Amino acid sequence: MNQPSGLDVFMYLRKSRTDIEEERRAQEEGLSFDVLKRHRKQLLDLANQKQHRILEIYEEIVSGEHLFDRPQIQKMLKSVEKGACDAVLVMDLDRLGRGDLYDMGIIFRAFRLSETYIITPYEVIYPSEEGAELLFGVKSIISREELKSITKRMQRGRRASASEGKSITSKVPFGYWRDANLKLHPDPDTAWVVQQIFEMVARGKGRNQIANELTNLGIRTPGKGREWSHTMISKILKNEVYLGHIVWGKNKYIKQNGKYISKPLPPEQWYRKEHAHKPIITQELWDLAHQNYGMHNPPRVKSSQKLVNPLAGLVYCKNCGYALTRKADSKNTAILRCPSIRCRGIVKGISLQLIESRILDSIKEFTQAFTLDIQLSDKFPTEIPLKKKSLKVKEKQLGILQEQHENLHDLLEQGTYDAKTFADRQKKLSDRIRKVKEQIKKLRKEINREEQNCAVFKPKVKTISEAYDVANDAEKKNRLLKSVLDRIEYSRQQGSKHGEFTINIFFRI
Ligand SMILES: [Zn+2]
């Protein structure tokens, strides 16, 4: 395939059904990866390699299959029609349209009339060439048929694999390794850890205690981090894979407001394949551990799940980044402390009431700064002033570049430049001008957005501190705080006196 180079291009990014499915699977395994980010990088690499100039990147946030639910492509097609670019970079022809022939007709027409190419990492489509229409049509029909069955097929396939005793999770369960046929085998390096965990629980140890012991021994965790947590222990304890069984379909995923949420299904609807692979632990040990697991870690009852900490999920340890957790001390007063063993003996806990009132004071101070000072932008902790300054610099720069660009022609006429030097200089300058223009556009957009945010934000902060005083439960207070605060960093040295601690508040803006 002959990839053209040096074109002015648009980039179009969109997730497909399969991508969403893949992301969901990763999420299910506690991983996260961003398909669009990956595609963006791939296309940027391609553009870089072929020295294309990227004029605009269109990124579809929504994942509608039809043109009319995809605002970005509508916008892009308008520009394509006018011949604003030489080519559009996409991951695959499917990304442009997967809807129906009507949609494909509109897309095709825009590209053909303007003689705009479609470039993917694997092919180049010249819509004005003979046969291209066919390519579009045929591809779109295949895509549509595929689309109809894709979800069903995937579900069926995975269920079938599970019932054959294959391990189909995106991450291999800790303690096992997986062969090419997706069968699991105990991993001599980690299987004994699983065995140990079950035995420790069976002997009556608590999950936190086990997590600490494993961390202290430097045993690798199922994830990327170096510290074991009680949730990791729980996950292992609850996974029937260690008995040799494959269980699939515990959750159902449904789309709500554009987001996938998981809903647990009743056990009778799960797919099970017993004795699918070699177990790591015996049924006896499982039973024993589960008896004790229940005893030492009584399952939370509904009533205790009510939020008691108005600062939950807001205050983080500056030393290690962990969220502070609420504990009651010996005198039964609520304190917040860092749960990480790395900070034990280093970061001191703090009375919940004390830190809460300090936060509220800061919010009030913040509010007063607004109401007293009309020249808000100076005191307001945003990047607006900085960005405005930077905008001025860029605008000046643009002026100079444009002047230089005009002078080029004189230099050519005067014979100072030969044709080749002229062309080189011209290209370099044009590129720089384009870049600066893009930066200016971006800055303007950001300033605009931030200014709008400020306008909404200010009155909101004022009402928060007032509302907080009358809110009577922790959950309400928590929601109020989270609507204006992003996070709070907390630090306090061991041995510091009453009231001696530091907080950094990050407002949500
Ligand atoms: Zn910490």
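Conventions and cut-offs
Residues numbered from 1 in each chain as written. Predicted model: local features only at pLDDT ≥ 70, side-chain atom pairs only at ≥ 80, totals over all residues. Heavy atoms only, no water. Helix = DSSP H or I, 4+ residues; strand = E, 2+ residues; numbered from the N terminus. Buried < 20%, exposed > 50% of the residue type's maximum accessible area, 1.4 Å probe, protein only. Contact = heavy atoms within 4.5 Å. Areas by Shrake-Rupley, 256 points an atom, 1.4 Å probe, with all protein chains shown as cover. Donors = N, O, S within 2.8 Å, 3.2 Å for Na, K, Ca; no water. Pairing = 2+ DSSP bridges. Phe/Tyr/Trp six-rings, centres within 6.5 Å; stacked < 30°, edge-to-face > 60°. Lys, Arg positive; Asp, Glu negative; His and termini not counted. Salt bridge = Lys/Arg side-chain N within 4 Å of Asp/Glu carboxyl O. Axes fitted to C-alpha atoms, helices over the stretch in contact; angles between N-to-C directions.

Going by an unreviewed UniProt entry, the protein chain carries the name Site-specific DNA recombinase and comes from Melghirimyces algeriensis.

Visitor: Would you take a moment to explain the overall build of the protein chain for this structure?
Guide: Within the protein chain one finds 15 helices and 17 strands. Among the 509 residues that make up the protein chain, the fraction classed as buried is 38%. Once local pairs closer than 6 in sequence are excluded, the contacts in the protein chain between residues at least 24 apart make up 65%. With the model as given, the accessible surface of the protein chain reaches about 30,000 Å², and the carbon-plus-sulfur share is 51%.

Visitor: Honestly, the coordination of the zinc ion in this entry has me stumped. Any pointers?
Guide: Protein-derived ligands of the zinc ion are Cys 317 (SG), Cys 320 (SG), Cys 338 (SG) and Cys 343 (SG), with the metal-ligand distances lying across 2.2 to 2.4 Å. Each donor residue of the zinc ion lies on the same chain, and together they follow the pattern C-x2-C-x17-C-x4-C. Linking Cys 320 in the loop between strand E12 (315-317) and strand E13 (325-328) with Cys 343 in the loop between strand E14 (334-337) and strand E15 (350-351), this pair joins segments that are 23 residues apart in sequence. Taking relative accessible area as the criterion, Cys 320 reaches 17% and is therefore assigned buried.

Visitor: Just to check I follow, could you spell out the pairing of strand E16 (residues 485-491) for this structure?
Guide: Both faces of the sheet carry side chains from a regular strand, because those side chains alternate between them. Two elements, E12 and E16, share three bridges in a ladder whose sense is parallel. Residue pairing across strands places Cys 317 opposite Tyr 490, the latter belonging to E16. Bridge count for E16 against strand E17 (residues 502-507) is six bridges, and the pairing is antiparallel. Bridge pairing links Tyr 490 to Ile 503 in E17.

Visitor: What is the right way to read the packing of aromatic side chains from this model?
Guide: Each aromatic ring pair is specified by the distance between its two centres and by the angle formed by the two planes. A complete count under the given rule lists seven aromatic pairs for this structure. With a centroid separation of 5.3 Å and an interplanar angle of 70°, the aromatic rings of Phe 10 and Tyr 58 are classed as edge-to-face. Of this pair, Phe 10 sits in strand E1 (residues 8-13) while Tyr 58 sits in strand E2 (residues 53-59); the two residues are 48 residues apart in sequence, bridging distant segments of the chain. With relative accessibility at 4%, the residue Tyr 58 sits in the buried group. When the ring of Phe 174 is compared with that of Trp 228, the centres are 5.6 Å apart and the planes differ by 80°; the resulting orientation is edge-to-face. A residue pair is termed long-range when its members are at least 10 positions apart, and Phe 174 in the loop between helix H6 (132-163) and strand E6 (176-178) and Trp 228 in the loop between helix H8 (207-216) and helix H9 (230-238) qualify at 54 residues. The two residues Phe 174 and Trp 228 agree in class, both being buried.

Visitor: Explain the side chain of Asp 187 here, please?
Guide: Within the secondary structure, Asp 187 is located in the loop between strand E7 (184-186) and helix H7 (191-202). Although buried, Asp 187 forms no salt bridge, and the nearest oppositely charged side chain, Arg 220, lies 4.9 Å from it. If we skip the residues at most four places from it in the chain, Asp 187 touches Gly 175, Tyr 176 and Trp 177.

Visitor: Would you mind going over the sheet that holds E2 with me for this structure?
Guide: To summarise the sheet geometry, strands pair through backbone hydrogen bonds and adopt either a parallel or an antiparallel arrangement. Strand order in this open sheet of five strands is E2-E1-E3-E4-E5, and the pairing throughout is mixed. Lying at the two open borders of the sheet, with one neighbouring strand each, are E2 and strand E5 (124-125). The pairing of strand E3 (residues 87-89) with strand E4 (residues 117-119) spans three bridges and is parallel. Counterpart to Leu 89 in the pairing with E4 is Ile 119. Each of E1, E2, E3 and E4 touches helix H2 (residues 35-49); the most contacted strand, E1, lies at about 165° to it. Contacts from helix H3 (residues 71-81) reach E1, E2 and E3 within the one sheet, and its direction differs from that of E1 by about 160°.

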